[in-house]
Amino acid sequence: RALHFLRGSEYGSSLERDFEEAKESIDVVMYLIGYKSGQSEDAWPKVLVNELIRAHRRGVKVRVKLEGSVKGNKECLKRLKGAGIDASADGKEMITHIKLVIIDRKIVYVGSQNWTVSAMRFNWDSSVRVESEEVAADLIRQTIRPLFNR
């Protein structure tokens, strides 16, 4: 297993590279994606959302599940849905606080970072990148399927 500890913009840069190289699927479960149309083009939330859209346009199956009670997710959901991506807010029965990305059923990102400018520039947040089909399969079974099939 390859395990990498990531902080701040390292996380954003690593995700951006893996999104560019994704071939089959990207699943994102996030508490907050602080995407705003008026952000600069190099703001991490905008960079990552735009990479998801590019991946979708290349034929990668992209799914996004965000916390429904967070008002900051509304503009992101509108942008992703408008691009044809399977993006939705979770239901009211539970708060989705996880920050999880699974790419091509083998690359996993999990940690404390929301996709916000502050999380990637100022906060003391961290995540890990794991390359493991076994870990990805466990998380798909335990987290992705239950969240996307509700």
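Here we summarise the structure given alongside this text. All figures in this text were calculated on a predicted structure; none of them were measured in a lab.

Moving on to unusual backbone geometry. Even without a glycine there, the phi angle at Asp104 is positive, about 50°. Inspection of the secondary structure assignment puts Asp104 in the loop between strand S5 (100-103) and strand S6 (107-111). Asp104 sits in the buried class, given a relative accessible area of 11%. Although it is not a glycine, Arg105 sits at a positive phi angle of roughly 60°. One can find Arg105 in the loop between S5 and S6. Taking relative accessible area as the criterion, Arg105 reaches 47% and is therefore assigned partly exposed.

The subject of this paragraph is the packing of aromatic side chains. Geometry of an aromatic ring pair is reported as the spacing of the ring centres plus the angle between the planes. Enumeration over the complete set of coordinates arrives at 2 aromatic pairs. Taking the centre distance of 5.9 Å and the plane angle of 85° together, the rings of Tyr11 and Tyr109 count as edge-to-face. Of this pair, Tyr11 sits in helix H1 (residues 8-21) while Tyr109 is found in strand S6, placing the two residues 98 residues apart along the sequence. Classification of Tyr109 as buried rests on a relative accessible area of 1%. Aromatic pair Phe19 and Trp115: ring centres 6.0 Å apart, planes at 55°, arrangement tilted. Highlighted residues: Phe19 in helix H1 and Trp115 in the loop between S6 and helix H4 (117-121), separated in sequence by 96 residues. The aromatic ring of Trp124 is capped on one face by Arg7, whose charged end is 3.6 Å from the ring centroid. If you follow Lys65 out to its NZ or CZ, it ends over the ring of Phe148, 5.5 Å from the centre.

Quick look at the pairing of strand S2 (residues 25-30) now. In terms of burial, S2 is a largely internal element, 6 of the 6 residues being buried. Burial along S2 is two-sided: Ser25, Asp27 and Val29 facing one way and Ile26, Val28 and Met30 facing the other are all buried. Both S2 and strand S3 (residues 61-66) contribute to a ladder of 6 bridges, which runs parallel. Residue pairing for S3: Ser25 is matched across the bridge by Lys61. For the segment spanning S2, helix H2 (residues 44-57) and S3, crossover handedness is right-handed. Pairing of S2 with S5 involves 4 bridges; the strand directions are antiparallel.

With that out of the way, let us pick up the pattern of salt bridges. For the structure shown, the criterion picks out 6 salt bridges. Residue Arg63 is joined to Asp27 by a salt bridge in which the shortest nitrogen-to-oxygen separation is 2.8 Å. One end of the pair, Arg63, is in strand S3; the other, Asp27, is in strand S2, and 36 residues separate them in sequence. Accessibility expressed as a relative area gives 17% for Arg63, which makes it buried. Among the salt bridges present, the one from Arg54 reaches Glu51, with a minimum N-O distance of 2.9 Å.

How each quantity is defined
- Residues numbered from 1 in each chain as written.
- Predicted model: local features only at pLDDT ≥ 70, side-chain atom pairs only at ≥ 80, totals over all residues.
- Heavy atoms only, no water.
- Helix = DSSP H or I, 4+ residues; strand = E, 2+ residues; numbered from the N terminus.
- Buried < 20%, exposed > 50% of the residue type's maximum accessible area, 1.4 Å probe, protein only.
- Phe/Tyr/Trp six-rings, centres within 6.5 Å; stacked < 30°, edge-to-face > 60°.
- Lys NZ or Arg CZ within 6 Å of the ring centre and 35° of its normal.
- Pairing = 2+ DSSP bridges.
- Right-handed = clockwise from strand over helix to strand, strands pointing away.
- Salt bridge = Lys/Arg side-chain N within 4 Å of Asp/Glu carboxyl O.

Limitation: the analysis is restricted to geometry and does not speak to function.
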